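Spelled out, the chains give:
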Amino acid sequence: MKETRLVCDLCTEPRRDAVVTLALNGQKGVAPTLDVCEGHRLKLIRIFNPKKKPGPAPGTRTDQQIEQRIMTFIEKHGSGAPTPISLATGIPRWTIQSAMLKMREAKKLVRDGRGKGATYRKA
Ligand SMILES: [Zn+2]
């Protein structure tokens, strides 16, 4: 009796048995299909799930970028405080505040007033 079995379309000889038939959907007409073995199935899944590139996570800002946003705000408004700058930039208030403290230490900003009412302007 003749036995028909599916073999992996991607394997070179000797071809392994296919464990699954994959179809490329989403286009008109007949979807192309591939019969693949377990090893090739895993390789294809990896193509669909590329590993994230190393580096800072999206949305991560460097100190320099934060400083630049603060300076832009202060130049535009004449002065600024952490809360309105946070609201305008979408950067968390504590991040702004610590950056402004560093900028003050670096003599880039001067503080007017005290406590919650304190504002900062360009030195
Ligand atoms: Zn294979």
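Residues numbered from 1 in each chain as written. Predicted model: local features only at pLDDT ≥ 70, side-chain atom pairs only at ≥ 80, totals over all residues.

## Let's talk about the confidence of the model for the protein
Line of reasoning, step 1. Averaged over all residues, the pLDDT of the protein is 88; the fraction at 70 or higher stands at 90%.
Line of reasoning, step 2. No element of the protein has a lower mean pLDDT than helix 1 (residues 38-48), which averages 88, and none a higher one than strand 4 (residues 119-122), which averages 96. (pLDDT = per-residue confidence, 0-100. Helix = DSSP H or I, 4+ residues; strand = E, 2+ residues; numbered from the N terminus.)

## Focus: the environment of Glu-67
Line of reasoning, step 1. Tracing the backbone shows Glu-67 in helix 2 (residues 63-77).
Line of reasoning, step 2. For Glu-67, a count of 18 C-beta atoms within 10 Å puts it in the partly exposed group.
Line of reasoning, step 3. The spatial distance from the C-alpha of Glu-67 to the C-alpha of Thr-12 is 57 Å, given a sequence separation of 55 residues.
Line of reasoning, step 4. Apart from residues lying up to four places away in sequence, Glu-67 is in contact with Ala-99 and Met-103. (Buried ≥ 20, exposed ≤ 12 C-beta atoms within 10 Å, placed from the backbone. Contact = placed C-beta atoms within 7 Å.)

## Some words on helix 4 (residues 93-105)
Owing to its 3.6 residues per turn, the α-helix brings residues three or four apart onto one side.
Line of reasoning, step 1. For helix 4, spanning 13 residues, the distance from its first C-alpha to its last is 18 Å, which sits close to the expected 18 Å at 1.5 Å a residue.
Line of reasoning, step 2. Where helix 4 is concerned, the buried positions are Ile-96, Ala-99, Met-100 and Met-103. In a view along the axis of helix 4, the buried residues occupy a sector of 105°, so they form one face of it. Away from its buried face, by an angle of more than 90 degrees, helix 4 presents the exposed residues Trp-94 and Glu-105.
Line of reasoning, step 3. Along its buried surface, helix 4 packs onto helix 2, helix 3 (82-89), strand 3 (109-112) and strand 4. (Expected span 1.5 Å × (residues − 1). Arc of directions from axis to C-beta.)

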